[in-house]
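Letter by letter, the chains look like this.
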There are 2 protein chains.
Amino acid sequence: DITAFLQSEYEQSSVYAGKKILITAGPTYEYSDPVRVFTNPSTGKMGFAAAAEAAAKGAIVTLITGPVQLDTPSGVTRIDVTTAEEMYEAVMERFPFVDMVCKAAAVSDYRPALIAAEKQKKQNGDLSIEMERTKDILAELGKRKDKQLLIGFAAESENVVKYAEEKLDRKNLDMVVANNIASKDAGFRSDTNEMILLRKDGKHHSLPLLTKTEAAKEMFAFAESMLKRDES
Amino acid sequence: DITAFLQSEYEQSSVYAGKKILITAGPTYEYSDPVRVFTNPSTGKMGFAAAAEAAAKGAIVTLITGPVQLDTPSGVTRIDVTTAEEMYEAVMERFPFVDMVCKAAAVSDYRPALIAAEKQKKQNGDLSIEMERTKDILAELGKRKDKQLLIGFAAESENVVKYAEEKLDRKNLDMVVANNIASKDAGFRSDTNEMILLRKDGKHHSLPLLTKTEAAKEMFAFAESMLKRDES
């Protein structure tokens, strides 16, 4: 119908039309044996909402996701990974060819140092698990970036703005999306989010409690002026 | 229609009609801080399929589930829990009043000994996490049971039948549902399962690769003769 057509025309004319955007979503799974996993409570909803919104704006979207129970948004190319290492490889391979990265995935920063091939039988008493650091994807992207606009996420339970500003600076990001996971109805496992957007030029934008789809719209709107319009 | 009516009449006349069945499903989440979790890759699909099947057979079904992304089957009372400790409490509270327990949940057998209230910032270098045992729900049910029929699950990656038989005996179960999680298309995160049913009277029944709904039907059929028919 005509409304949908005009809406579509409008969105195609946005700065996002034809831009290549890489979005990551979900948790990673770090196995210590076939049935024991280190992870986090991310459901992937924020990243999937961002992917759907970017595709609706006419962007060419690749979504790299950890294990989630969500359907692929229409028009989005999806790549499934399990571990932080696989996420790192999948992101680095595509990074040189994109205009923007939106790193909504909650990647494990530690993994078990030893991974057993068989299920380990439980023993009496306590157990100590040795963990090692995974590669920091966002920090590496911050080092490698040239033209790419880099948006990171900061899920914090305290000192939210302070930690988010430090992350923006330390990892050479263009924007950071901060959220307080201690808030009710926000962050992990929720359909809604209450975020603060911080740009490297010092502009801040505090959003009210929104659905993750609405939050994704606000995020792209706030980033838009930082993204170069194609010459035409 | 008449077929559905007859089907319904047939199922209502089964030994399961009016029986109180407690089913557990999904993983548990053991947090070490607000964003770091020990868990396993269970999606809850097997337990939810069992709950739907038991309700269709006319049973009064309570489903206690860890964090999953699944809709509650029609006619089933659902109780959401997060940790192994919460699962233990929810099960023990209801156990005296049920006729049968089907423990499909994949409960964490270890949890972090210390739980931090705030997100722990990552550090350079390695990390050691101290883990302690959680309570063994199935073993406790095996000790406490009087009239209840007790069905456990054994997810194994090697020596499947041997480990399952040991579990049946050691935990005083009436039946154990064994599956080889190393098999392709079976076990965690799959819509299908390839199971071996072992009863305490020594009867074994190896199932082919089935959907989890079909597997649930087979499981209840194989358990049926052990469940006392109500006097009428």
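As a reminder, the structure under discussion sits directly above these lines.
Keep in mind it's a predicted model, so treat the numbers as computed, not measured. (Residues numbered from 1 in each chain as written. Chains lettered and ligands numbered in written order. Predicted model: local features only at pLDDT ≥ 70, side-chain atom pairs only at ≥ 80, totals over all residues. Heavy atoms only, no water.)

Peer 1: Pulling in residues and values, what's your account of the sheet that holds strand S5 (residues 77-80) of chain B?
Peer 2: All names here are of chain B. The eight strands lie next to each other as S5-S4-S1-S6-S9-S10-S12-S13, forming an open sheet whose pairing is mixed. Of all strands in the sheet, those bounded by a partner on one side alone are S5 and strand S13 (204-206). Averaged over all pairs of adjacent strands, the angle between strand axes in this sheet comes to 15°, irrespective of strand direction. With four bridges joining them, strand S6 (residues 100-103) and strand S9 (residues 149-156) adopt parallel strand pairing. Directly across from Met100, in S9, lies its bridge partner Leu149. The sheet strands contacting helix H4 (residues 137-144) are S6 and S9, and the helix crosses S9 at an angle near 155°. Packing against the sheet, helix H6 (residues 212-223) makes contact with strand S1 (20-25), S6, S9, strand S10 (175-180), strand S12 (195-199) and S13, and its axis sits at approximately 15° to S12. (Pairing = 2+ DSSP bridges. Helix = DSSP H or I, 4+ residues; strand = E, 2+ residues; numbered from the N terminus. Axes fitted to C-alpha atoms, helices over the stretch in contact; angles between N-to-C directions. Contact = heavy atoms within 4.5 Å.)

Peer 1: I'd love a proper account of the pattern of salt bridges, names of residues and values included.
Peer 2: Following the criterion strictly, the structure yields 40 salt bridges over all chains and no others. Residues Arg36 of chain A and Asp109 of chain B are paired through a salt bridge, measuring 2.7 Å at the closest nitrogen-oxygen approach. Here the residue Arg36 of chain A occupies a position in strand S3 (residues 36-39), and Asp109 of chain B occupies one in the loop between S6 and strand S7 (110-112), the pair thus bridging two chains. Note that Lys200 of chain B is salt-bridged to Asp174 of chain B, the shortest N-O span being 2.9 Å. In this pair, Lys200 of chain B sits in the loop between S12 and S13 while Asp174 of chain B sits in the loop between helix H5 (160-170) and S10, placing the two residues 26 residues apart along the sequence. Given a relative accessible area of 54%, Lys200 of chain B falls into the exposed group. (Salt bridge = Lys/Arg side-chain N within 4 Å of Asp/Glu carboxyl O. Buried < 20%, exposed > 50% of the residue type's maximum accessible area, 1.4 Å probe, protein only.)

Peer 1: So what's going on with the sheet that holds strand S2 (residues 30-33) of chain A? Which residues, and what values?
Peer 2: Reading across the sheet, the four strands line up as S2(A)-S3(A)-S3(B)-S2(B) and stay open at both edges, with antiparallel pairing between neighbours. What marks the edges here is a single partner per strand, and that holds for S2 of chain A together with strand S2 (30-33) of chain B. Taking each pair of neighbouring strands and ignoring which way they run, the sheet shows an average axis angle of 20°. Of the strand pairs in this sheet, S3 of chain A and strand S3 (residues 36-39) of chain B are connected by three bridges, and their pairing is antiparallel. For Thr39 of chain A, the partnering residue across the bridge sits in S3 of chain B and is Val37 of chain B.

Peer 1: Now, about the packing of helix H2 (residues 45-56) of chain A against helix H6 (residues 212-223) of chain A: what can you tell me, with residues and values included?
Peer 2: Packed helix pairs are characterised by how far apart their axes lie and by the angle those axes make with each other. Residues and elements named next belong to chain A. Relative orientation of the contacting elements H2 and H6 amounts to 60°, with a least axis distance of 8 Å. In terms of orientation, H2 lies oblique with respect to H6. As for how H2 packs across H6, the hand of that crossing is right-handed. Taking contact as the criterion, the partners of Lys45, Met46, Ala49, Ala50, Glu53 and Ala54 in H2 are, on H6, Lys212, Thr213, Ala215, Ala216, Lys217, Met219 and Phe220. Looking at the contact of H2 with H6 residue by residue, the class counts come to eight nonpolar, one polar and four charged. (Parallel < 35°, antiparallel > 145°, perpendicular 65-115°, else oblique. Left-handed = near helix turned anticlockwise from the far one by under 90°. Nonpolar A, V, L, I, M, F, W, Y, C, P; charged D, E, K, R; others polar.)

Peer 1: Let's hear about empty space enclosed by the protein: which residues, and what values?
Peer 2: Tallying each qualifying case throughout the model produces one cavity of 30 Å³ or more. The volume enclosed by the largest cavity comes to roughly 280 Å³. The wall of the largest cavity is formed by 23 residues, among which Tyr29 and Gln69 of chain A together with Tyr29, Pro67 and Gln69 of chain B lie closest to the centre. Of the residues belonging to the lining of the largest cavity, the class tally is 11 nonpolar, 10 polar and two charged. (1 Å grid on protein atoms, 1.4 Å probe; cavity = no way out; pocket = protein on both sides within 12 Å on 5 of 7 lines; lining within 4 Å. Points joined across faces, edges and corners; volume = space filled by probe spheres on them.)

Peer 1: Summarise the pairing of S2 of chain A; cite the residues concerned and give the values.
Peer 2: Looking down a regular strand, the side chains alternate between one sheet face and the other. Sheet topology note: the S2 of chain A/S3 of chain A ladder contains three bridges and is antiparallel. Paired with Asp33 of chain A across the two strands is Arg36 of chain A, which belongs to S3 of chain A.

Peer 1: I'd like a description of helix H2 (residues 45-56) of chain B, backed by residues and values.
Peer 2: Residue and element names in this part refer to chain B. The end-to-end C-alpha distance of H2 is 16 Å, a good match for the 16 Å that 12 residues give at a rise of 1.5 Å each. Of the residues making up H2, those classed as buried are Lys45, Met46, Gly47, Phe48, Ala49, Ala50, Ala51, Glu53, Ala54 and Ala55. Positive phi shows up at Gly58, right after H2, with a value of about 95°. (Expected span 1.5 Å × (residues − 1).)

Peer 1: Outline the interface of chain B and chain A, listing residues and values.
Peer 2: The interface of chain B with chain A comprises 42 residues on the first partner and 42 residues on the second. Together, the buried faces of chain B and chain A total about 3,900 Å²; carbon and sulfur atoms form 47% of this surface. Taken together, chain B and chain A are joined by six salt bridges. The closest approach of N and O atoms between Lys121 of chain B and Glu156 of chain A, which form a salt bridge, is 2.9 Å. Counting the contacts that link chain B with chain A gives 18 residue pairs in polar contact (both at pLDDT 80 or more). When contributions to the side of chain B that touches chain A are tallied by element, the ones reaching two or more residues are S3, strand S8 (127-133) and S9 of chain B. In terms of residue count, the dominant contributor to the side of chain B that touches chain A is S8 of chain B (seven residues). (Buried area = accessible area lost by both parts, 1.4 Å probe. Polar contact = N/O pair within 3.5 Å; in protein donor to acceptor, adjacent residues only side chain to side chain.)

Peer 1: So what's going on with unusual backbone geometry? Which residues, and what values?
Peer 2: For Asn172 of chain A, which is not glycine, the phi torsion reads 60° and is therefore positive. If you trace the backbone, Asn172 of chain A turns up in the loop between helix H5 (160-170) and strand S10 (175-180). Assessed through its relative accessible area of 39%, Asn172 of chain A is described here as partly exposed. Not every positive phi belongs to a glycine, and Asn159 of chain B is a case in point at roughly 45°. Position of Asn159 of chain B relative to the elements: it lies in the loop between S9 and H5.

Peer 1: Talk me through the relation of the copies chain B and chain A; I want residue IDs and the actual numbers.
Peer 2: Once chain B is rotated about the relating axis by 180° and shifted along it by 0.0 Å, it coincides with chain A to within an RMSD of 0.0 Å. In symmetry terms, the pair is related by a two-fold rotation axis. (Least-squares fit on C-alpha atoms with pLDDT ≥ 70 in both.)

Read these as spatial facts, not as claims about activity.
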